[in-house]
Structures are given as structure tokens and as C-alpha cells.
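# Coordinate analysis (summary)
The primary structure of each chain is shown beneath.
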Amino acid sequence: MQSPFNPLIQAQCLYSLEQVDNAIQTLAADICQQLQGVDSLVVLCVLKGGLVFTGRLLPYLTLPVQLEYVQVSRYGQNTQGGHLDWLTPVSSCLAGRHVLVCDDIFDEGKTLAALCLHLQQAQAASVQSAVLVEKCHTRKVPQFKPTFVGLQVPDAFVWGMGMDVQGFWRNAPGIFALKNSEE
Ligand code: IMP
Ligand code: MG
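So, here's what we can say about the structure. Please read these numbers as outputs of a predicted model, since none were measured by experiment.

Definitions and limits used
- Residues numbered from 1 in each chain as written.
- Chains lettered and ligands numbered in written order.
- Predicted model: local features only at pLDDT ≥ 70, side-chain atom pairs only at ≥ 80, totals over all residues.
- Heavy atoms only, no water.
- Salt bridge = Lys/Arg side-chain N within 4 Å of Asp/Glu carboxyl O.
- Buried < 20%, exposed > 50% of the residue type's maximum accessible area, 1.4 Å probe, protein only.
- Helix = DSSP H or I, 4+ residues; strand = E, 2+ residues; numbered from the N terminus.
- Contact = heavy atoms within 4.5 Å.
- Near = heavy atom within 4 Å.
- Polar contact = N/O pair within 3.5 Å; in protein donor to acceptor, adjacent residues only side chain to side chain.
- Areas by Shrake-Rupley, 256 points an atom, 1.4 Å probe, with all protein chains shown as cover.
- Core = buried A, V, L, I, M, F, W, Y, C linked by side-chain atoms within 4.5 Å.
- Expected span 1.5 Å × (residues − 1).
- Phe/Tyr/Trp six-rings, centres within 6.5 Å; stacked < 30°, edge-to-face > 60°.
- Pairing = 2+ DSSP bridges.

What follows is about the pattern of salt bridges. The full count for this structure, using the stated rule, is five salt bridges. In this structure, Lys110 and Glu108 form a salt bridge, with 3.1 Å as the shortest nitrogen-oxygen distance. Since its relative accessible area comes to 27%, Glu108 is described here as partly exposed. Across the salt bridge formed by Glu134 and Lys145, the nearest N and O atoms sit 3.9 Å from each other. Taken together, the residues span a long stretch of sequence, with Glu134 in strand β6 (residues 126–135) and Lys145 in the loop between β6 and β7 (148–153) at a distance of eleven residues. By relative accessible area, Glu134 is classed as buried at 11%. Relative accessible area serves as the criterion here: at 59%, Lys145 is assigned to the exposed category.

Here it is in C-alpha cells:
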């Protein structure tokens, strides 16, 4: 099976691997500062897109972290009421725990908003969210913003650093978009 895209030919690099890693280090410092006084943290990686971001973020977090993961998709168009389909269940009880949800991209925000709401309803002590990139447009869900955002990208389809294009190139070393997709 062949990938439909060759990122070296058909793509422009929006952020290099080095730029992404610098942004992740800055973001980690913000997270650690905000979490001062928190005794331990559950980092909840949203698979599959959040995998690379979470893996590169973890070593920069300077408090005791327990790593958990979830794979989730959403039914319905309503953000707050949207039914979550837990493709994998959250693997430990998060009630009373401080949770940081880590995902790849804040696009419209429907899945992340619904996931954070679910965790609040499950009585987490606190729920914060971190995304590697935010896509800049005005179609966001109301009343939700990720707590921490690493980088901003234009309103175009992007991939790399965990984000896929038709199932491929989650491994791309940087963040890429189709050439001229901003025009
Ligand atoms: P949202 O609920 O609209 O914020 O987006 C849900 C999911 O869609 C994200 O977590 C990503 O997995 C995926 N997604 C949205 N935009 C892109 C993109 O530009 N590239 C790759 N995946 C994307
Ligand atoms: Mg995702």
C-alpha cells in the first residue's frame, strides 16, 4: 500500500521538528508553572493523534505523572451533548485526580470539549487540556478553549507530529500542509 502524499514534494513545512520541539518545551514550562502545588498528574493521551505530542512533552514535565490513554470518537453534532464512543475505555478511575488531556489539534474542538466535560462529570479534581496546534478559524465550539496551545496553523489540512493524512505520515518530522493551501 502506498501513501497518497509525498510530503517532500507536495507539501510545505509550516514548522520544522526543531521548531515543534521548542514550542513543546515552552508549553511544558507553562504547564509546570500552572501546576505548581499539584502533587501528581494524570496525563491522558488522546490516541492516535496525541501520541507523538504526548511522548515528546512527558520528559519535560517535572512532577510525578501517570500516563493514561483514550481513543474516542464522537456521535452527533452537539458539543456538550455529543455522545462519546470510547474505542478504548479510560483505564483507571480519574475521580479526584488532576488530569491533563493531550491531543494533537484544536480544530473545531468538539471532541476535546466533550471529552473534558466527560472527565469533569467523572469528578476529576481538575481537568486541563493541551494541544500541539490550534487551527485558526472561527468555527470553534462555544465556551471551550484548550488550557495550553503550542503552535498555531492556518485553516488548512495539516499533518505530521502525530497527525495523519489519509492514515499516513503521522511520523512526518514537523508540521506540513499542502502547498499553497493557504491561498
Ligand atoms: P475537532 O473535534 O474538530 O477539534 O477535531 C477532531 C480531530 O480531527 C482532531 O483531534 C484530529 O484528530 C482531527 N483533525 C482535525 N483537523 C485535522 C488536520 O488538519 N489534520 C489532521 N487531523 C485533523
Ligand atoms: Mg484527534
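Glancing now at the side chain of Ser129. Here Ser129 shows up in strand β6. The residues contacting Ser129, other than those within four sequence positions of it, are Leu100, Val101, Leu112, Cys116, Phe144, Lys145, Pro146, Thr147 and Phe148.

Moving on: the site of ligand 1. Near ligand 1 you find 14 residues, and of these Asp104, Glu108, Gly109, Lys135 and Val158 are the closest. Within the backbone of Asp107, an N or O atom sits 3.1 Å from an oxygen atom of ligand 1. Isolated, ligand 1 exposes 490 Å² of accessible area, and the fraction of that covered by the protein chains is 78%. Broken down by secondary-structure element, the contributors of at least two residues to the shell around ligand 1 are β5 (98–106) and α4 (110–121).

Moving on, we get to the nonpolar core. Ranked by size, the top nonpolar core spans 31 residues in total, and within it Ile31, Leu57, Leu61, Leu100 and Ile175 carry the most contacts. Elements with a contribution of two residues or more to this core: β1 (11–16), α2 (17–34), β2 (41–47), α3 (51–57), β5, β6, β7 and β9 (174–178). Of all the elements, α2 adds the most residues to this core, at seven residues. Apart from residues no more than four positions distant in its own chain, Leu100 is found in contact with Ile31, Leu41, Val42, Val43, Leu44, Leu57, Gln128, Ser129, Ala130 and Phe148. Membership of the second largest hydrophobic core comes to 19 residues, among which are Phe106, Leu115, Cys116 and Ala124.

A rise of 1.5 Å per residue sets the reference length of α2, with its 18 residues, at 26 Å; its end C-alpha atoms lie 26 Å apart and thus fit the reference within 8%. Buried within α2 are the following residues: Val20, Asp21, Ala23, Ile24, Leu27, Ala28, Ile31 and Cys32. Of the surrounding secondary structure, the elements contacted by the buried residues of α2 are β1, α3, β5, β6, β7 and β9.

A full pass over the atoms with the stated rule returns one aromatic pair. Between the aromatic rings of Phe106 and Phe144, the centroid separation amounts to 6.1 Å while the plane-to-plane angle is 70°, which identifies the pairing as edge-to-face. Taken together, the positions of Phe106 in strand β5 and Phe144 in the loop between β6 and β7 put the pair 38 residues apart, joining distant regions of the chain. Each of the two residues, Phe106 as well as Phe144, counts as buried.

Turning to the pairing of β9, a few remarks are in order. The buried fraction of β9 is high, at four of five residues. Taken together, the five bridges between β1 and β9 define a ladder with antiparallel strand orientation. Each bridged residue has a counterpart across the sheet, and for Ser16 the counterpart in β9 is Gly174. With two bridges joining them, strand β8 (residues 158–159) and β9 adopt antiparallel strand pairing.

The next subject is the environment of Gln33. With respect to the helices and strands, Gln33 occurs in helix α2. Residue Gln33 is classed as exposed on the basis of its relative accessible area of 55%. Sequence spacing of Gln33 and Thr62 is 29 residues, and the spatial spacing of their C-alpha atoms is 9.8 Å.

Honestly, that's just the spatial picture; any functional story needs more than this.
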